[in-house]
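Here's the letter readout for the chains.
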2 protein chains.
Amino acid sequence: MSEIKVVTNILKANDELNAVNRKELDEKGVYVINLMSSPGSGKTSILEKILSKLKADMKIAVIEGDLYTTMDAQRIEAKGVPVVQINTGGACHLDAYMIKDALTNLNLDGLELLIVENVGNLVCPAEFEIGEDMKVTVLSTTEGNDKPLKYPLAFEKAGVVILNKIDLIEYTNFDKGNFFDDVRSINDKVIFFETSCTKDLGFDELCLWIKNKVKNKQYNC
Amino acid sequence: MSEIKVVTNILKANDELNAVNRKELDEKGVYVINLMSSPGSGKTSILEKILSKLKADMKIAVIEGDLYTTMDAQRIEAKGVPVVQINTGGACHLDAYMIKDALTNLNLDGLELLIVENVGNLVCPAEFEIGEDMKVTVLSTTEGNDKPLKYPLAFEKAGVVILNKIDLIEYTNFDKGNFFDDVRSINDKVIFFETSCTKDLGFDELCLWIKNKVKNKQYNC
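Caption draft 1: Up close: the interface of chain A and chain B. On the chain B side, the residues contacting the 34 residues of chain A number 34 residues. Of all the elements in the fold, those that place two or more residues in the side of chain A that touches chain B are helix H1 (2-28), helix H5 (147-150) and helix H6 (152-156) of chain A. Among the elements that make up the side of chain A that touches chain B, the one with the highest residue count is H1 of chain A (four residues). Here the side of chain A that touches chain B is built from residues that sort into 17 nonpolar, 10 polar and seven charged.

Quick look at the structure:
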């Protein structure tokens, strides 16, 4: 059926452009994180925290994916970090072509860390590689611990899972033990971090992990 | 380009099946709600509340949309209400074809209210009519008040917007005034309800509204 053929072609074209992006970013020694979650899990707030803690230590840039607005990009710009906005015009995920295009608007020379904030959607973004070294999936405690089994791909493909809004867990019925078990049943290599942006919890550990990843990539390039 | 043509064909085919569903459901006098939100906004918990309050007064059925699991359908079944599970196999929204198929597994004779819980996704479900009388979009206070402008279609197409987890608003920076203003700037006909499932707030008003809608549809059929 033509529909299936087109979908296959789209994914194949994406894989090819993913490889192009990877090659360019590897040659420049840029470590790339693809940040994914539902709307409202706290991706932009986490990004603000990371930038505040790391921007003095390394050269960082951000690509912001959003359907229509530049609201998140404005928040990132306020941190004094180069940011490129991608408006998908209603499309539900970023793809490698969009990132390839966005990279032409960034100075990659000397860049050490690129964080891509994907469209808020726990389903579609996980299907598209965009040139990243690592997918990081965020879930907030207020979303419920049943989400990994309901939206498995975002957790299967993640190298890191951040459990955010940990300060609100006491007001919810979120079961951390079940959550960790369910994620590990899908992905036994995942690394967990627990964070709260309002209480500034967990970012020292997360940023240390990022610094090590960035350093390793620099050594290997 | 063939990709665009296929997308157009998919939407056209969906429109045709939406009309088929509408005709069948109108003839049977069934009022249909399409419940949409991000993952973890509380759709299933809201549904449980509605069923508890209304199932003695009217004949209700539920269609549960989910990527892979039957976790939500099991929660609904425990309420003693007929439920049909649609597993989309990874697809990010329900469409009219899936609903047409699900309707063959429901007894529509005498049915007064059908609630369809869509896949947890604030982007894609709003693009597909499935045979509903009304789209109801849920946002929880923990997701942030910036979401209507960032995900406008889900709010533009909604007849009702439910602001859920209202009991948690004091622990967030959610600005209700801005939220209402932003939704109204997209959709000036929308009706708002505020709910909390854990504190059992707002469901008398919501259920009264649903009862009136169901009654009106019965009169008009």
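Caption draft 2: Structural detail: helix H4 (residues 96-103) of chain B. Looking at H4 of chain B, one finds that the buried residues are Ala96, Met98, Ile99, Ala102 and Leu103 of chain B. Summarising the axial view, the buried residues of H4 of chain B lie within an arc of 155°, below the 170-degree limit, and thus occupy one face.

Caption draft 3: Highlighting the packing of helix H2 (residues 43-54) of chain A against helix H8 (residues 203-220) of chain A. Residue and element names in this part refer to chain A. Orientation of H2 relative to H8, taken along the N-to-C sense of each, is 70°, at an axis distance of 10 Å. In terms of orientation, H2 lies roughly perpendicular with respect to H8. The two elements H2 and H8 meet at a crossing, and its hand is right-handed. Contacts between H2 and H8 involve Lys49, Ile50, Lys53 and Leu54 from the former and Phe203, Cys207 and Ile210 from the latter. Grouping the amino acids of the contact of H2 with H8 by side-chain chemistry returns five nonpolar, no polar and two charged.

Caption draft 4: Region of the structure containing the environment of Arg184 of chain A. Here Arg184 of chain A shows up in helix H7 (residues 176-186). For the pair Arg184 of chain A and Ile210 of chain A, spaced 26 residues apart in sequence, the C-alpha to C-alpha distance is 21 Å.

Caption draft 5: Quick peek at the sheet that holds strand S2 (residues 60-66) of chain A. Residues and elements named next belong to chain A. Spatially, seven strands are ordered S3-S2-S4-S1-S5-S6-S7 in an open sheet, and the strand pairing comes out parallel. With partners counted over all chains shown, the strands left at the sheet margins are strand S3 (83-87) and strand S7 (191-194), one partner each. Across the sheet, the mean angle from the axis of one strand to that of its neighbour is 20°, orientation sign disregarded. Taken together, the five bridges between strand S5 (residues 134-140) and strand S6 (residues 160-164) define a ladder with parallel strand orientation.

Caption draft 6: The pairing of S6 of chain A, seen in detail. Residue and element names in this part refer to chain A. For S6, the tally of buried residues reaches four of five residues, placing the bulk of the element in the interior. Strand direction decides the pairing type here: S6 and S7, joined by four bridges, are parallel. Paired with Leu163 across the strands is Glu194, a residue of S7. After leaving S6, the chain enters H7 and then returns to the sheet as S7, a path that is right-handed.

Caption draft 7: Fine view of the relation of the copies chain A and chain B. In the superposition of chain A on chain B (RMSD 0.0 Å, axial shift 0.0 Å), the rotation amounts to 180°. The superposition operator between the copies reduces to a two-fold rotation axis. With an isologous cut-off of 70% or more, the 100% of interface residues of chain A that recur at the interface of chain B puts this contact in the isologous class.

Caption draft 8: Broad picture of the nonpolar core. Residues Ile99 and Val116 of chain A together with Ile99 and Val116 of chain B are the most contacted members of the largest nonpolar core, which totals 122 residues. Each residue touching Val116 of chain A, except ones within four places of it in the same chain, is listed here: Val32, Ile33, Asn34, Leu35, Ile63, Gly65, Leu94, Ile99, Ile130 and Glu132 of chain A.

Caption draft 9: Fine view of the pairing of strand S4 (residues 113-117) of chain A. Residue and element names in this part refer to chain A. With respect to burial, S4 is a largely interior element, five of its five residues being buried. Side-chain alternation along S4 places Leu113, Ile115 and Glu117 on one buried face and Leu114 and Val116 on a second face that is also buried. For strand S1 (residues 31-36) and S4, the ladder comprises five bridges, and the chain directions are parallel. By the bridge assignment, Ile33 is partnered in S4 with Ile115. Of the strand pairs in this sheet, S2 and S4 are connected by five bridges, and their pairing is parallel. What sits directly across from Glu64, in S4, is Glu117.

Conventions used here
Each chain has its residues counted from 1, running along the sequence as written. The naming scheme follows written order: chains are lettered A onward, ligands numbered 1 onward. Confidence filtering applies because this is a predicted model: local features only for residues at pLDDT of at least 70, side-chain atom pairs given and counted only at 80 or more, and all residues used for totals across whole chains, interfaces and linings. It is the C-beta atoms, placed from the backbone, that decide contacts: two residues are in contact if theirs lie within 7 Å. Numbering of helices and strands starts at the N terminus; helices are DSSP runs of H or I of at least 4 residues and strands are runs of E of at least 2. Think of it as three bins: nonpolar holds Ala, Val, Leu, Ile, Met, Phe, Trp, Tyr, Cys and Pro, charged holds Asp, Glu, Lys and Arg, and polar takes everything else, Gly as well. Whether a residue is buried, exposed or partly exposed follows from its count of other C-beta atoms within 10 Å of its own C-beta, namely 20 or more, 12 or fewer, or something in between, respectively; the C-beta atoms are built from the backbone. The directions from the helix axis to the C-beta atoms form the arc being described. Inter-axis angles, ranging from 0 to 180 degrees, are taken between N-to-C directions of lines fitted to C-alpha atoms, where helices are fitted over the stretch in contact. These descriptions rest on fixed angle ranges, namely under 35 degrees for roughly parallel, over 145 for roughly antiparallel, 65 to 115 for roughly perpendicular, and the rest for oblique. Crossing handedness is defined as follows: a turn of the near helix away from the far one that is anticlockwise and smaller than a right angle gives a left-handed crossing, while the clockwise case is right-handed. Only strands that DSSP links by at least two bridges are regarded as paired with each other. Call a crossover right-handed when, viewed with both strands pointing away from you, the route from the first strand across the helix to the second goes clockwise. The fit set for superposing copies consists of C-alpha atoms from residues with pLDDT of at least 70 in both; the fit itself is least squares. Core membership is restricted to buried Ala, Val, Leu, Ile, Met, Phe, Trp, Tyr and Cys residues, and these are joined into a nonpolar core through C-beta atoms within 7 Å.

Everything listed is a geometric property; what it means functionally is a separate question.
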